[in-house]
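Coordinate analysis (summary)
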Amino acid sequence: MTASGYADWMTTATMRADVLSDVTSSEATLRRFLHGLPGVDQVGAEARAAGLATRSIKTDAKAFALDLAIRMIDLTTLEGADTPGKVRALCAKGRHPDPADAKTPSVAAICVYNDLVPIAKEALGDSGVKVAAVATAFPSGRARIDVKLADTRDAVRSGADEVDMVIDRGAFLSGRYLQVFDEIRAVRAACTDDDHEAHLKVILETGELQTYDNVRRASWLAMLGGADFIKTSTGKVAPAATLPVTLVMLEAVRDFRDQTGRQVGVKPAGGIRTAKDAIKYLVLVNETVGDDWLDPDWFRLGASSLLNDLLMQRAKQATGRYAGPDYFTLD
């Protein structure tokens, strides 16, 4: 499909199944499609993100935003020294972030390595908090496809509600788009077993993708492959999430829904540490894709240290004074 052909196709109401099949039928057609996507205006994207970051919200709107941000958090521990005890403590915090205030909402999910999924499932019980597992040779993505699929199936068998896979950035940057697409499709299929289906979050590792155009291409590639969410980062590579990158990804999911009728979520992860940071992302979502994505089903914040600052700001809203950082348990 040529660039002009892409523009013509973008004017149609929905992306037909036969068009989707044609786009992904070969390396050549997939390359033509991805490179036919409109280029990203780097200066414009960065200026828009910077402008939206200056927006402020007050009083009741801020209280709502703080609670919404808490509900969107994937509370994460992905360290080699993780223990069952640490995961149980994190799950307790995810369920009841502020035990002194029963109105404090729970987080969206607890994100752990595969072997700790059963611990998290047991600790969370019927709370409604999801368990996410990182898979596919996280964080490098450097493994054979059979290893990646075994890793995914292990997470699903262990009870993971969500699987976070990481794309092979080497393959993507080398232009082997069909290989990346096929891996995403295969992992998508491995997310289903006889008992349940896990949602698939595809990590692009945008800090290694070099350009905003590549971020847009990788976003579309992940969505074509069946991603339920596209995620910026593993949190192990700098830079991690940024507002301009998230803007590009939000525009991609908006355009993808316009063309296919399928809504895909977005998750910035890594480097989001303060309530002020979180609110900037919520403003970005509202102004770019609207209310439909202002829900934990469609937008998440990957973080390990953000929750405490949100709780401190929440206490300030309620009492007029800040609680000390030692008032809340450490994550």
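Our subject is the structure that appears above.
Given the structure is predicted, the values throughout are model-derived calculations rather than measurements. (Residues numbered from 1 in each chain as written. Predicted model: local features only at pLDDT ≥ 70, side-chain atom pairs only at ≥ 80, totals over all residues. Heavy atoms only, no water.)

Scanning all chains against the criterion turns up 23 salt bridges. Asp74 is the partner of Lys201 in a salt bridge, and the nearest nitrogen-oxygen pair spans 3.6 Å. Of this pair, Lys201 sits in strand E5 (residues 199-203) while Asp74 sits in strand E1 (residues 73-76), and the two are 127 residues apart along the sequence. In this structure, Lys201 and Asp74 share a single accessibility class: buried. (Salt bridge = Lys/Arg side-chain N within 4 Å of Asp/Glu carboxyl O. Helix = DSSP H or I, 4+ residues; strand = E, 2+ residues; numbered from the N terminus. Buried < 20%, exposed > 50% of the residue type's maximum accessible area, 1.4 Å probe, protein only.)

Right, let's get into empty space enclosed by the protein. Throughout the structure, instances matching the rule amount to one cavity of 30 Å³ or more. Its boundaries defined by the atoms lining it, the largest cavity holds a volume of some 40 Å³. As for the largest cavity, its lining consists of Leu34, His35, Leu37, Pro38, Gly39, Val40, Asp213, Arg216 and Arg217. Elements with a contribution of two residues or more to the lining of the largest cavity: helix H3 (27-35) and helix H11 (212-224). At three residues, H11 tops the list of elements feeding residues into the lining of the largest cavity. Among the residues making up the lining of the largest cavity, the classes are represented as four nonpolar, two polar and three charged. (1 Å grid on protein atoms, 1.4 Å probe; cavity = no way out; pocket = protein on both sides within 12 Å on 5 of 7 lines; lining within 4 Å. Points joined across faces, edges and corners; volume = space filled by probe spheres on them. Nonpolar A, V, L, I, M, F, W, Y, C, P; charged D, E, K, R; others polar.)

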